[in-house]
Amino acid sequence: MTDQEERTVASGSPVPQPDERAWRRRLTVEVWIVLGLSLGRSGVYAIVNIVDRLTVGPALGDQSTTLNPSLSPRPWLDLTYQVLAIGFALMPVTLALYLLSANGRSAVRRIGLTFTRPLRDLGVGVGLAALIGIPGLGLYAAARAMGMAVEVQASALGTYWWTVPMLILLALKDALLEEVVAVGYLMERLRDLRWREPAIVVASAALRGSYHLYQGWGALLGNFVMGLVFAEYYRRRRRVMPLVVAHTVMDMTVFIGYALLPADLRASLHLG
């Protein structure tokens, strides 16, 4: 049953409805607003950023980017800023779930963001992390060797008691934002708009690739492929939780592994 079909009052009398075209136009505007506040905005900035990198002078392979920078030289302020940044970054997730919960429907059940299958979700998530993460590291190394990717520094946080817990939270934040918005929300809304299934899968993957473009062409390709796999899994299973698990595991491995590697070893591996 669609949202439109559910819009009736308890007495059974139909609520006056806009026509189909007006309803579709409203959903389209809604999608643009959600993306404009979150990953769509990141995609636009990433496009501008890659243009900047390609025209600034040094070759792309000689440039670098930092995923989790320190936000203050004072540890307690850095921790405060990091917590605030995570909280505000998750607001689009809250908005997307709120919009999907129209007419009293549970958004978390609708997209499968529940804990009803913990062992299965964990197993699938770890499997997807291995399926995507291991070839992804190889693709990154190849792209770096060909000068098609910037040097990615996964963490620039200092060594404090809260560094590892914060990196775990940052990984979870990225996973929730990307999987809920780029997969759960976007694919549900495009389905409401009567898009065809292949187009929905490609649109979700293209969005994922776009906001990683600032890391170079290898990141664009790798994340587009990851997006195809994740979107196809969601299309078949309608569960986003395993994708959140997989994304969190991959980011935790990269973030924490990078932070724990000695600086000289990172340099020998061309990791900054």
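Keep in mind the model is a prediction, meaning the values are calculated, not measured.

A. Fine view of the overall build of the protein chain. Across its full length, the protein chain carries 12 helices and 2 strands. Each helix (α) and strand (β) of the protein chain, taken in turn from the N terminus, gives the series α-α-α-β-α-α-α-α-β-α-α-α-α-α. Buried positions account for 43% of the 272 residues belonging to the protein chain. Long-range pairs, those at least 24 residues apart, make up 74% of the contacts in the protein chain with a sequence separation of at least 6. For the protein chain, the exposed area adds up to about 14,300 Å²; of that, 67% sits on carbon and sulfur atoms.

B. Examining the layout of surface pockets more closely. Taken as a whole, the second largest pocket spans an internal volume of roughly 290 Å³. As for the second largest pocket, its lining consists of 15 residues, and the residues nearest its centre are Val31, Trp32, Leu35, Leu186 and Trp195. Where the lining of the second largest pocket is concerned, the elements lending two or more residues are helix H2 (20-36), helix H3 (39-55), helix H8 (163-192) and helix H9 (197-210). Tallying contributions element by element places H2 first for the lining of the second largest pocket, with 5 residues. Among the residues making up the lining of the second largest pocket, the classes are represented as 10 nonpolar, 4 polar and 1 charged.

C. Region of interest: the packing of aromatic side chains. If you walk through the whole model with that rule in mind, you get 1 aromatic pair. When the centroid spacing of 4.9 Å and the interplanar angle of 25 degrees are considered together, the rings of tyrosine 160 and tryptophan 162 count as stacked. On the accessibility criterion, tryptophan 162 (4% relative accessible area) is buried.

D. Inspection of the nonpolar core at higher detail. Ranked by size, the top nonpolar core spans 44 residues in total, and within it Ile111, Leu113, Phe230 and Leu243 carry the most contacts. Counting only elements with at least two residues in this core, the list comes to H2, helix H5 (91-100), helix H6 (107-111), helix H7 (118-145), H8, H9, helix H10 (217-237) and helix H11 (241-260). Take this core: its biggest share by element is 11 residues, from H8. When sequence neighbours within four positions are dropped, the list of residues in contact with leucine 113 reads Leu97, Val108, Leu176, Val180, Val240, Met241 and Val244.

E. Structural context of H10. Here H10 is 21 residues long and its end C-alpha atoms lie 30 Å apart, about the 30 Å a rise of 1.5 Å per residue gives. Backbone geometry just downstream of H10 places arginine 238 in the positive-phi region, at approximately 55 degrees.

F. Layout of unusual backbone geometry. The backbone of arginine 194 shows a phi angle near 70 degrees, a positive value even though the residue is not glycine. Relative to the helices and strands, arginine 194 resides in the loop between H8 and H9. With a phi angle near 55 degrees, arginine 238 is a residue other than glycine that sits in the positive phi range. Within the fold, arginine 238 resides in the loop between H10 and H11.

G. Spotlight on a nonpolar patch on the surface. A contiguous nonpolar surface patch, about 540 Å² in accessible area, is contributed by Leu71, Tyr81, Leu84, Phe88 and Met91. Ranked by residue count, the leading element in the nonpolar patch is helix H4 (residues 75-89), at 3 residues. Within the secondary structure layout, phenylalanine 88 lies in helix H4.

H. Structural view of the pattern of salt bridges. A full pass over the atoms with the stated rule returns 15 salt bridges. We note a salt bridge from arginine 110 to aspartate 192, for which the minimum N-O separation is 3.1 Å. With a gap of 82 residues between them, arginine 110 in helix H6 and aspartate 192 in helix H8 connect regions that are remote in the sequence. One exposure class covers both arginine 110 and aspartate 192, and it is buried. One network of salt bridges, in which partners are shared, links Arg26, Glu30, Arg110, Glu188, Arg189, Arg191, Asp192, Glu197 and Arg238.

I. Expanded view of the side chain of glutamine 215. Along the chain, glutamine 215 falls in the loop between H9 and H10. On the basis of relative accessibility, which here comes to 13%, the residue glutamine 215 falls in the buried class. When residues no more than four places from it in sequence are discounted, the contact partners of glutamine 215 are Thr65, Leu67, Ala149, Val150 and Val152.

Conventions adopted
- Think of each chain on its own: its residues are numbered from 1, step by step along the sequence as written.
- pLDDT decides what is reported in this predicted model: residues at 70 or higher carry local features, side-chain atom pairs at 80 or more are listed and counted, and totals for whole chains, interfaces and linings draw on all residues regardless.
- The side-chain figures draw on all heavy atoms in the structure; neither hydrogens nor water molecules are used.
- Helix numbers and strand numbers start at the N terminus; a helix is a DSSP run of H or I with at least 4 residues, a strand a run of E with at least 2.
- Relative accessibility under 20% of the residue-type maximum defines a buried residue, over 50% an exposed one, and the middle range a partly exposed one, all with a 1.4 Å probe and only protein chains included.
- The criterion used for residue contact is that any of the two residues' heavy atoms lie within 4.5 Å.
- Under the convention used here, a 1.4 Å probe and the Shrake-Rupley method define accessible areas, while residue burial counts only the protein chains that appear.
- The pocket and cavity definitions rest on a 1 Å grid over protein atoms only: a 1.4 Å probe that fits but cannot leave marks a cavity, an open set with protein on both sides within 12 Å along at least five of seven lines marks a pocket, and residues lining either have an atom within 4 Å of a point.
- Grid points are joined across faces, edges and corners, and a volume is the space filled by probe spheres set on the points.
- We call Asp, Glu, Lys and Arg charged. Ala, Val, Leu, Ile, Met, Phe, Trp, Tyr, Cys and Pro are nonpolar, and the rest, Gly among them, are polar.
- Stacked, edge-to-face and tilted labels apply to pairs of Phe, Tyr and Trp rings (six-membered ring for Trp) whose centres lie within 6.5 Å, assigned for plane angles under 30 degrees, over 60, and everything in between, in that order.
- Take the buried residues of types Ala, Val, Leu, Ile, Met, Phe, Trp, Tyr and Cys, join any two whose side-chain atoms come within 4.5 Å, and each joined set is a nonpolar core.
- Expected span of a helix: the number of residues minus one, times 1.5 Å.
- Like charges within 9 Å and nonpolar side chains (Val, Leu, Ile, Met, Phe, Trp, Tyr) within 5 Å are joined into patches, using only residues over 30% in relative accessible area that form no salt bridge.
- In the sections that follow, a salt bridge refers to a side-chain nitrogen of Lys or Arg positioned within 4 Å of a carboxyl oxygen of Asp or Glu.

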